[in-house]
Each structure stands twice: as structure tokens, then as C-alpha cells.
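Residue-level structure breakdown
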Amino acid sequence: MAGSVRSGGPVVLVGCGRLGSAILEGWLLTETVAPADLIILSPSEKPAAEAARAQGARINPPLEALTEAGVIVLAVKPAIWREVVTPLAPFLNDQAVILSVMAGVTAPTLAEGIGGWPIVRVMPTTGVSRGRGVASIWSADDRAQGLGRALFEPMAETVVLADEALMDAATAVAGSGAAYFYAFTEALARAGQASGLDAATADVLARATLRSAADSMGDDDLEALIGRIASPGGSTRAGLDALAKDGRLTRMLDETVAAAVRRNREMG
Ligand SMILES: NC(=O)c1ccc[n+]([C@@H]2O[C@H](COP(=O)([O-])OP(=O)(O)OC[C@H]3O[C@@H](n4cnc5c(N)ncnc54)[C@H](OP(=O)(O)O)[C@@H]3O)[C@@H](O)[C@H]2O)c1
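The protein chain has the name Pyrroline-5-carboxylate reductase in an unreviewed UniProt entry, where Brevundimonas mediterranea is given as its organism. Regarding the protein chain, the UniProt comment filed under Pathway (unreviewed entry) reads as follows: "Amino-acid biosynthesis; L-proline biosynthesis; L-proline from L-glutamate 5-semialdehyde: step 1/1." In its Subcellular location (unreviewed entry) section, UniProt records this for the protein chain: "Cytoplasm".

What to know about the overall build of the protein chain
When its secondary structure is counted, the protein chain shows eleven helices and eight strands. With the C-alpha coordinates of the protein chain rotated into their principal frame, the extents come out at 70 × 35 × 30 Å. Buried positions account for 40% of the 268 residues belonging to the protein chain. Pairs at least 24 apart in sequence give 60% of the contacts found in the protein chain among residues at least 6 apart. A total of about 14500 Å² of accessible surface is found on the protein chain, and carbon and sulfur atoms cover 56% of it.

Structural notes on the packing of helix 7 (residues 167–194) against helix 8 (residues 199–217)
For the pair helix 7 and helix 8, interaxial distance at closest approach is 8 Å and the crossing angle is 140°. By the angle between their axes, helix 7 is oblique relative to helix 8. As for how helix 7 packs across helix 8, the hand of that crossing is right-handed. Counted together, F181, Y182, T185, L188, A189, G192 and Q193 of helix 7 and A199, A202, D203, A206, R207 and L210 of helix 8 form the full contact between these two elements. Partitioned by chemical class, the residues of the contact of helix 7 with helix 8 number eight nonpolar, three polar and two charged.

Considering helix 8
Between its first and last C-alpha atoms helix 8 spans 27 Å; for 19 residues at 1.5 Å apiece the expected length is 27 Å, and the two agree. Between a side-chain oxygen at the N-terminus of helix 8 and the backbone nitrogen of A200 the separation is 3.1 Å; the capping residue is D198. Of the residues trailing helix 8, G218 is marked for its positive phi of about 50°.

Brief notes about the site of the ligand
In the vicinity of the ligand, 22 residues are found, and the nearest of them are R18, L19, S44, K46 and V76. One nitrogen or oxygen atom from the main chain of G17 is found 3.3 Å from an oxygen atom belonging to the ligand. Between the ligand and K46, the relevant distance is 2.6 Å, taken from an oxygen atom to a side-chain nitrogen or oxygen of the residue. Relative to its free-state accessible area of 890 Å², the ligand is covered by the protein chains to the extent of 72%.

Details of the domain arrangement of the protein chain
One frequently used descriptor of interface size is the decrease in accessible area upon assembly of the parts. When the domains of the protein chain are assigned, the result is domain 1 (2–162) and domain 2 (172–267). Averaged C-alpha coordinates put domain 1 and domain 2 at centres separated by 34 Å.

Digging into the side chain of S139
Mapped onto the fold, S139 is located in strand 7 (residues 133–139). Of note is the side chain of S139, whose polar atom sits 2.7 Å from the backbone oxygen of I119. Within the structure, S139 has its side chain in polar contact with the backbone nitrogen of D141 (distance 3.0 Å). Setting aside residues up to four positions removed in sequence, S139 forms contacts with I119, V120, A144 and Q145.

Here we look at the nonpolar core
Within the largest apolar cluster, 34 residues are counted, with the highest numbers of intra-cluster contacts made by L24, W27, I40, L99, L151 and F152. The dominant element in this core, judged by the number of residues it contributes, is helix 2 (residues 18–30), at six residues. Apart from the residues within four sequence positions on either side, F152 is in contact with I23, L99, V101, V122, P124, V128, A135 and T158. Counting 29 residues, the second-largest nonpolar core is a separate cluster that includes A65, L66, L74 and I98.

Rules of the game
- Along each chain, the written sequence defines residue order, and numbers are assigned to residues from 1.
- It should be noted that, the model being predicted, local features are given only for residues of pLDDT at least 70 and side-chain atom pairs only at 80 or more, the latter also being counted only at that level, while totals for whole chains, interfaces and linings use all residues.
- Based on all heavy atoms of the structure, the side-chain values leave hydrogens and waters out of the count.
- UniProt positions are given in the numbering used here, feature names are shortened, and annotations may be inferred rather than shown by experiment.
- Strands here are runs of E lasting at least two residues and helices are runs of H or I lasting at least four, both read from the DSSP assignment and numbered beginning at the N terminus.
- Partly exposed residues are those whose accessible area sits between 20% and 50% of the maximum for their type, while under 20% is buried and over 50% is exposed, using a 1.4 Å probe and protein chains only.
- The contact rule is simple, with two residues in contact once any of their heavy atoms fall within 4.5 Å.
- Note on areas: these come from Shrake-Rupley sampling with a 1.4 Å probe, and a residue is covered only by the protein chains present in the view.
- Fitted lines through C-alpha atoms give the axes, limited to the stretch in contact for helices. The angle between two N-to-C directions lies from 0 to 180 degrees.
- Any angle that is under 35 degrees is reported as roughly parallel, and any over 145 degrees as roughly antiparallel; angles of 65 to 115 degrees are reported as roughly perpendicular and all others as oblique.
- Throughout, a crossing is termed right-handed when the near helix is turned clockwise from the far one, and left-handed when it is turned anticlockwise from it by less than a right angle.
- Each residue gets one label: Ala, Val, Leu, Ile, Met, Phe, Trp, Tyr, Cys and Pro are nonpolar, Asp, Glu, Lys and Arg are charged, and the others, such as Gly, are polar.
- To estimate the expected span of a helix, subtract one from its residue number and multiply by 1.5 Å.
- We call two N or O atoms a polar contact when they sit within 3.5 Å, provided that within protein one can donate a hydrogen and the other can accept it, with sequence-adjacent residues counted only if both atoms are side-chain atoms.
- Residue proximity to a molecule or strand is established when one non-hydrogen atom of the residue lies within 4 Å of it.
- Reported domain spans reflect what an automatic or database domain assignment gives.
- The definition of a nonpolar core used throughout is a set of buried Ala, Val, Leu, Ile, Met, Phe, Trp, Tyr and Cys residues joined through side-chain atoms within 4.5 Å.

Listed below in C-alpha cells is the structure:
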């Protein structure tokens, strides 16, 4: 995997904040990119960048170093990307690929600011830092898409989207999803308290249940997983029936995801 990335030239990470650091840590952990092939551009010192530097990565070298770059990973805030890429563009070679992890900045918008290079959009979660993220990938260009996959598959479960417009829905499910599960866990703990558990016990039980459920899930069919816990006429089935009464679970999540999609579109 590292070979395919290396063959295109160094990987340039622009921005080493919350997500940029997570990506960097994931690449090093999974040995996706050799440290010597990494160039990191960051206005301030970051622990993840310093750890990469100790292994051979270059931090803020003269911009001439970018002439060899195979891929430029844009991990800055959407509000400032234009001013960030403008000084970099003159140094990029014809074969470079632009990989953006910025939420809501579409490929046509990117092409206005940094046109002429293939673009791949990737929407990862910060779980990539532990090699256990989720990433949605879209590109109109096969080589750019392949590079996006090579860089993220080692540290994330990835899906390739057929249409860029689906990025908003993928972000609403995967990018926001962990927060929905945490909110559900919090509500489950509160419900445990309402049924007599003390707060600390309810919190431990709800969190441990989420962890245990995630561990046991694998790729099994979800109905089959439910069926293994909920026997007909049993207490879990009674709980599930209450959860789904009059379609409220489906309706609630439809509304949740639709609201996040709408907000993603507004911000784009
Ligand atoms: N965080 C997530 O979970 C997540 C998930 C999916 C997508 N994203 C996307 O990832 C991008 C970054 O988000 P974030 O949460 O990581 O934000 P962040 O923590 O604010 O990181 C942005 C980084 O950009 C750096 N920066 C500013 N000007 C720069 C320049 N001229 N050259 C190089 N770096 C520069 C900042 O450096 P200083 O710290 O020195 O100011 C900062 O560390 C956003 O576009 C966001 O939409 C984030």
C-alpha cells in the first residue's frame, strides 16, 4: 500500500489540526505512508507532526519541495482553503492529485481555486488515528479515487460514493453517527435511572453495552443479531416493540439524518 502512494511522490498534509493529526497518526500507525515521504504544512507546532518529524517527515520545508508531491491533502477549515492553496499551486507538478477532507467544499468549488489537478474528496472520521475510522470517498477521476482509497483503506472502513451529492448523506450517517450513538447511550442510561439504577451504575451499563454490541456486531445481518438477543415474548422484544411503536424509531432517525443532510447542504 505504501508503495503505491510513494510511487506518486511525497504526500503533503496541509493542516495538522484535529482531523489532520488523526490522519497523520493513522498513516504512521498503519504504515500507509513512509515518514520520509511525508511533508506537513502547519503554522504551529503539533504533537502529531513532531512525532512524524522524529521519524523522518519534513515540516514546513521550502515550498520547492512540493514540486515532487504526488498528493496534496487539504485538511484546513473550509473558510480559509483558498488563501492556503493559492501560494502552493505554482509549485505543484502536473501529476499531483488534490485530496480534500474538507466538509461541504465541492469539487467544482475546489476546481475554481485549484483547477487543473484531479480532485478526490474523502470524508473520514477521527477514528482513523487508531486505524479504525470510517471514510466516504468520491472522485470523478479513477487515478485520484485509487489514491484516496490507497491512503484511507488501511485505517478506515471505506465506501466509494457514485455521486458527489451523496457526500452530504454519507457525512450525516458516518460523520455524525458516533454522536447519535453517544446520545442514545446517554438516553439509555437516563432510562435506567428512571427504572431505579443509580446514575453511575446506569452510565457504566449503558456505555459497556454499546462497546459490547459494537464488538459483537461483525458483518452479521442486523435482524439476525437482534434475533439472537430478542426471543419471542421476552423482555428485549417488549422493549424493541416499544422502541418501534407506530414507526417512531424509523421516523426519528429519518428526521435526524435529514436534518444533518440539510445542514451539510446549507454549509456547503
Ligand atoms: N474534525 C473532524 O472530525 C472532521 C471530520 C471530517 C472532516 N473534517 C474537515 O477537516 C478540516 C479540518 O477540520 P479540523 O477539525 O481538523 O479543524 P482544526 O482542528 O481547526 O484544524 C485546521 C488546521 O488548519 C491549520 N491551518 C491554518 N492555516 C493553515 C495554513 N496556511 N497552512 C497549513 N495549515 C493551516 C490550523 O493550524 P493552527 O492550529 O496552527 O491554527 C489548524 O491546525 C475541515 O475542513 C473539516 O470540515 C473534520
